[in-house]
Amino acid sequence: MEYQFMFDIPYVMADEAMEKLAAAGYFNTYYDQPIAVSRNENGYQYQIEETQNVRMHIISDSVSPSETIHVISRLINIENDAITYEKYILQDWQQPIPAIPINEDWEIISPEDDPSTKYSIILDSRGGFGTGSHETTRDCLKMILDKDFSNKTIIDVGTGSGVLSVAAAMKGAVTVIALDIEPCEREVRLNAELNNITGIQPAQKDLIHEKIKTPITIDWVFINIGSEETIRIMEKQDFFDRKVNHFLISGIVEWSMDKLVDYFITNGYQMIDTKKSNEWVTMQFSLMP
């Protein structure tokens, strides 16, 4: 039977403990990084607190948990009673996502589910960011699904699962270029196929450091990343000089919103629409007449 054994250890000793455990045949081990989250101008920043203790987890077959505890205590040089254990139940991390309502007419469902609204976006849940559960994704979808993108050309930056690209194509977009710094082609193509969508062109690109070739006319650019990254991408890709007609900007926290608004207004755009969910803000900017 598999058990999970747990004990606390100073973070600075955790990697050495894992090496000792691996050398003794305990390979399924892990610990959670002691991450401290704080706010900064761009949103949130994450810092490892090296002085903290971490909880070490060891998952192992064991006929005698007490004997396993004794072995671990000798390896790590801790007391037996500092180690706890429980039966380990394997988690299925690929469970389908529950249906996610977007508005009265639209929802996101898994391939296994039946639709309960007039329209549905079918989304496979096993890949990257963009299941629709995060506030920024839902608010972007609310704006996209309320528009007509017939014959429009769109660039979706930070596409993740491709859900925004799929939604835009379902609303009539003829060309959607779906880009992400991580590999995304397989997942985006799968989700497009699930929704009988063609015309999405996924690719792995680092838009902060790499200038990309795009169509001469760009009707919309979606960027759901963060304020600082958004500005760096805008400047690297010369989107203002290209006179893109509209931008859908999300992944922005409310305390960095004013900076983005000023940035777009200064460059000849006006804010047409905004949505806010908790601390997250989604905005549409359009070229001033």
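The paragraphs below set out a description of the structure included in this document. Keep in mind the model is a prediction, meaning the values are calculated, not measured.

Here is what the cut-offs are and how they apply
- Along each chain, residue indices are assigned from 1 in the same order as the chain's sequence is written.
- A pLDDT threshold of at least 70 governs which residues receive local features in this predicted model, and a stricter bar of 80 or more applies before side-chain atom pairs are shown or counted, although totals over entire chains, interfaces and linings include all residues.
- Water and hydrogen atoms were dropped before computing side-chain values, which therefore reflect all heavy atoms in the structure.
- Interaxial angles span 0 to 180 degrees and are taken between N-to-C directions of axes, which are lines fitted to C-alpha atoms, for helices over the stretch in contact.
- The way it works is that DSSP assigns letters per residue, a run of H or I at least four long becomes a helix, a run of E at least two long becomes a strand, and they are numbered from the N terminus.
- Geometric relationships in this document are graded by angle, where less than 35 degrees denotes roughly parallel, more than 145 denotes roughly antiparallel, 65 to 115 denotes roughly perpendicular, and other angles denote oblique.
- Contacts are assigned to residue pairs with any non-hydrogen atoms lying within 4.5 Å of each other.
- Under this grouping Gly is polar, as are all residues other than the nonpolar Ala, Val, Leu, Ile, Met, Phe, Trp, Tyr, Cys and Pro and the charged Asp, Glu, Lys and Arg.
- A pair of strands counts as paired when DSSP detects no fewer than two bridges linking them.
- Note on patches: the residues involved have over 30% relative accessible area and no salt bridge, like charges join within 9 Å, and the nonpolar side chains Val, Leu, Ile, Met, Phe, Trp and Tyr join within 5 Å.
- Surface exposure here means Shrake-Rupley accessible area, sampled with a 1.4 Å probe, where a residue is shielded only by the protein chains that are shown.
- By definition, a salt bridge exists where a carboxyl oxygen of Asp or Glu is found within 4 Å of a side-chain nitrogen of Lys or Arg.
- In this scheme, a residue with accessible area under 20% of its type's maximum is buried, one over 50% is exposed, and one in between is partly exposed, where area comes from a 1.4 Å probe on protein chains only.
- Two N or O atoms count as a polar contact when they lie within 3.5 Å, although within protein this holds only if one can serve as hydrogen donor and the other as acceptor, and sequence-adjacent residues are included solely when both atoms are side-chain atoms.

## Details of the packing of helix α3 (residues 135-144) against helix α4 (residues 163-170)
Then, number 1: Two elements in contact, α3 and α4, have axes whose closest approach is 10 Å; the angle formed by their N-to-C orientations is 10°. By the criterion of interaxial angle, the relationship of α3 to α4 is roughly parallel. Here Thr-137, Cys-140, Leu-141 and Ile-144 of α3 lie close against α4, whose contacting residues are Val-163, Leu-164, Ala-167 and Ala-168.
Then, number 2: When grouped by side-chain class, the residues that make up the contact of α3 with α4 number seven nonpolar, one polar and no charged.

## Brief notes about the sheet that holds strand β6 (residues 84-87)
Then, number 1: Reading across the sheet, the four strands line up as β2-β5-β1-β6 and stay open at both edges, with antiparallel pairing between neighbours. Looking at strand neighbours, the two that pair on one side only are β2 (29-31) and β6, the edges of this open sheet. Taking the axes of each pair of neighbouring strands and ignoring which way they run, one obtains an average angle of 25° across the sheet.
Then, number 2: Taken together, the nine bridges between strand β1 (residues 2-10) and strand β5 (residues 53-61) define a ladder with antiparallel strand orientation. Its bridge partner lying in β5, Tyr-3 is registered against Ser-60.

## Quick look at a nonpolar patch on the surface
Then, number 1: On the surface, Ile-35, Val-37, Tyr-46 and Ile-48 cluster together into a nonpolar patch covering about 390 Å² of accessible area.
Then, number 2: Secondary structure elements with two or more residues in the nonpolar patch: β3 (35-40) and β4 (43-48).
Then, number 3: By the element assignment, Val-37 lies in strand β3.

## A short note on the sheet that holds strand β9 (residues 119-122)
Then, number 1: Reading across from one edge, β7-β8-β9 is the order of the three strands in this open sheet, with mixed pairing throughout. Both outer strands of the open sheet, β7 (100-101) and β9, are each paired with one neighbouring strand and no more.
Then, number 2: Relative to strand β8 (residues 106-109), β7 is paired through two bridges, and the arrangement is antiparallel. If you follow Ile-100 over to β8, its bridge partner there is Ile-108.
Then, number 3: Set on the sheet, α4 makes contact with β8 and β9; between it and β9 the angle comes to about 140°.

## Side note on unusual backbone geometry
Then, number 1: Although it is not a glycine, Asn-77 sits at a positive phi angle of roughly 65°.
Then, number 2: Residue position: Asn-77 is located in the loop between α2 (65-76) and β6.
Then, number 3: For Asn-77, a relative accessible area of 70% corresponds to the exposed category.
Then, number 4: Unlike most non-glycine residues, Asn-196 shows phi in positive territory, near 55°.
Then, number 5: Its place among the elements puts Asn-196 in the loop between α5 (185-194) and β12 (200-204).

## With respect to the pattern of salt bridges
Then, number 1: Taken as a whole and judged by the stated rule, the model has eight salt bridges.
Then, number 2: Notably, a salt bridge pairs Lys-142 with Asp-139, separated by 3.8 Å at the nearest N-O pair. In this pair, Lys-142 and Asp-139 both sit in helix α3, three residues apart, roughly one turn of the helix.
Then, number 3: When its relative accessible area of 31% is taken as the criterion, Lys-142 is described as partly exposed.
Then, number 4: Relative accessible area serves as the criterion here: at 2%, Asp-139 is assigned to the buried category.
Then, number 5: Ionic pairing is found between Asp-238 and Lys-211, a salt bridge with its closest N-O pair at 2.9 Å. Taken together, the residues span a long stretch of sequence, with Asp-238 in the loop between α6 (227-237) and β14 (246-253) and Lys-211 in the loop between β12 and β13 (220-224) at a distance of 27 residues.

## A few points about the side chain of Thr-136
Then, number 1: Mapped onto the elements, Thr-136 comes out in helix α3.
Then, number 2: Only 3.4 Å separates the side chain of Thr-136 from the side chain of Asn-224, close enough to count as a polar contact.

## Considerations on α4
Then, number 1: With seven of eight residues buried, α4 lies mostly within the body of the structure.
Then, number 2: Phi turns positive, to about 110°, at Gly-172, one or two residues after α4.

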